[in-house]
Amino acid sequence: MSEDTKYSGGQGQVVSPETFRDSVGTMDQSGKRKWVYPRKPRGRYTNYRYLVSIILLAIYFGIPFIEINGNPLLLINVLDREFYIAGKPFYPQDFFILALGAIASIVFILLFTVVFGRIFCGWICPQTIFLEMIFRKVEYAIEGDRNKQIRLDNQAWDSEKIWKRGLKWTIFALISVIITHFMFMYIVGYRRVFEIMQEGPFANPSNFLVMILFTGAFYFVFAWFREQVCTLVCPYGRLQGVLIDKQTINVFYDFKRGENRSKWRKGEDRKAAGKGDCIACNQCVVVCPTGIDIRDGQQLECVNCTACIDACDEVMVKVGLPTGLIRYATEDEIEQQKPFVFSNKMKAYTLVLALLVGFLGFLLYNRGEMEAKFIKPVGSSFIIRDGRIYNTYNYTLLNKTNDKKAVTLKITNPDHGIVSANGTQTVVVDKDKMTKGSVSVSFPENEITRAKQNITIGIYDPEGKLIDEYDTYFEGPFKLQF
């Protein structure tokens, strides 16, 4: 059966490549869904993508079980306001750091796309990883490659089709359940997820309802919606059209070398016949997971997955023509037939990207170990005893580290002030905990010249290093100034 044959079936239809240019690759001109049956890719870039996918999947399924000093490596518990990044606790007070990090991430994405196009989509995006490296693999194993899938889709609901589809959909549902449970581990931790599973749905009805909803969403996306997420929903694809230019690296078809395309004839001098290297085999089309023809130029639906590169290189090797007819390149490189040069603009953007990564790391790791507040109780005043003026403060000490801290409280400005917390200047704060209490601050009576005087209380570690300080005021008797 020819790959160019037009098919129609219960899930949609596959049309000849020539019509792909007339509309979105997965819809016909009437807006009807065209089901995409990509051929199983193979080749150098596919192997690299397998390796990257294995690493990323290992990271996704492994991170929830990794702990640093008893804290999860990553936890985003919005409901209970528990946040851990790289094993360090983050609090609502630290959200300005996360906000700056989010801004830096957006700038990173913009600059990365300007230079490297949609490499993220084809190599790193969770949608692509899960679909192409898990769900599609299951589909290939059960239903076979492209032609077998098309034949199965068009045949009647006999015993073969029922058990193959039933088995595939069951496995899809199980994978969706697993993905959902691991996603929840990033929110409440793996221990809590296991507890919920053991307690059962009746003990945690709301949790199980949410899990069912997310499982259904994952199943819908990967079993049916699929590439439509990339072509119709994802805003990054739309953003690409604004950001890329002729110096952006993308998957391109070398039309100057490939045209005029013509079927392969053994022994023919194609150059003398005015023919290009493209032999019109359409393998780059049938292998595309979004149903486009890369030979029509750069398109919104292209996710830079490189499947077309491997398919084309495989054919070029078989017919004895040079590989690279479809390759990573810039538009200028294709049009001007010049070797690729990493331009000064690309170097500058790459430098900025590196600086942004460093900035993000700085924001995450270079923050205060301790956060302190000293607030005077409402309605409290001062007392004078033995030639000293005393004020009382309620303190809150937040230990942001993974170590128990014994900190010393001292007055850093002005001099001669004394801080006492139950007769001592030392307060012990457990790791990742908040401690509250009260302290007494006193100054010699002759040191206080105003009714309200600014003071600074410092927090020092056992080595005498200042780790935080708090500005407040000290009350004393009113004195006329002449």
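See above for the structure.
Residues numbered from 1 in each chain as written. Predicted model: local features only at pLDDT ≥ 70, side-chain atom pairs only at ≥ 80, totals over all residues. Heavy atoms only, no water.

Undergrad: I tried to follow the packing of helix H6 (residues 159-188) against helix H8 (residues 205-225) on my own but got confused; where do I start?
TA: Each pair of packed helices can be described by the angle between their axes along with the distance between the axes. At a minimum axis separation of 8 Å, H6 and H8 run at an interaxial angle of 125°. With respect to H8, the axis of H6 lies oblique. Between H6 and H8 lies a crossing whose hand is right-handed. Residues Trp169, Phe172, Ala173, Ser176, Val177, Ile179, Thr180, His181, Met183 and Phe184 of H6 form the contact with H8, whose own contacting residues are Val210, Met211, Phe214, Thr215, Phe218, Tyr219 and Ala223. Taken together, the residues of the contact of H6 with H8 break down into 13 nonpolar, 4 polar and no charged. (Axes fitted to C-alpha atoms, helices over the stretch in contact; angles between N-to-C directions. Helix = DSSP H or I, 4+ residues; strand = E, 2+ residues; numbered from the N terminus. Parallel < 35°, antiparallel > 145°, perpendicular 65-115°, else oblique. Left-handed = near helix turned anticlockwise from the far one by under 90°. Contact = heavy atoms within 4.5 Å. Nonpolar A, V, L, I, M, F, W, Y, C, P; charged D, E, K, R; others polar.)

Undergrad: I keep staring at the side chain of Thr113 and nothing clicks. Help me out?
TA: Relative to the helices and strands, Thr113 is located in helix H2 (residues 95-116). Take Thr113: its relative accessible area is 0%, and that puts it in the buried class. At 2.8 Å, the side chain of Thr113 forms a polar contact with the backbone oxygen of Ile109. For Thr113, the side chain forms a polar contact with the side chain of Tyr236, separated by 2.4 Å. (Buried < 20%, exposed > 50% of the residue type's maximum accessible area, 1.4 Å probe, protein only. Polar contact = N/O pair within 3.5 Å; in protein donor to acceptor, adjacent residues only side chain to side chain.)

Undergrad: What should I look at first to understand H2 in this one?
TA: Counting along an α-helix, one turn takes 3.6 residues, and residues three or four places apart therefore face a common direction. Taking 1.5 Å of rise per residue, the 22 residues of H2 would be expected to cover 32 Å, and the 30 Å separating its terminal C-alpha atoms lies within 8% of that figure. In the segment just after H2, Gly117 is the residue with positive phi, at about 65°. (Expected span 1.5 Å × (residues − 1).)

Undergrad: Please clarify how the layout of surface pockets should be interpreted in this entry.
TA: Here the idea is plain: a probe the size of a water molecule rolls over the atoms and shows the empty space left. Roughly 310 Å³ of volume is contained in the largest pocket. If you trace the largest pocket, you find it lined by Leu56, Leu57, Ile59, Tyr60, Ile63, Leu74, Phe120, Ile124, Pro126, Ile129, Phe130 and Tyr186. Those elements giving two or more residues to the lining of the largest pocket turn out to be helix H1 (44-62) and helix H4 (126-143). Sorting elements by how many residues they give to the lining of the largest pocket places H1 first, with 4 residues. Here the lining of the largest pocket is composed, by residue class, of 12 nonpolar, no polar and no charged. (1 Å grid on protein atoms, 1.4 Å probe; cavity = no way out; pocket = protein on both sides within 12 Å on 5 of 7 lines; lining within 4 Å. Points joined across faces, edges and corners; volume = space filled by probe spheres on them.)

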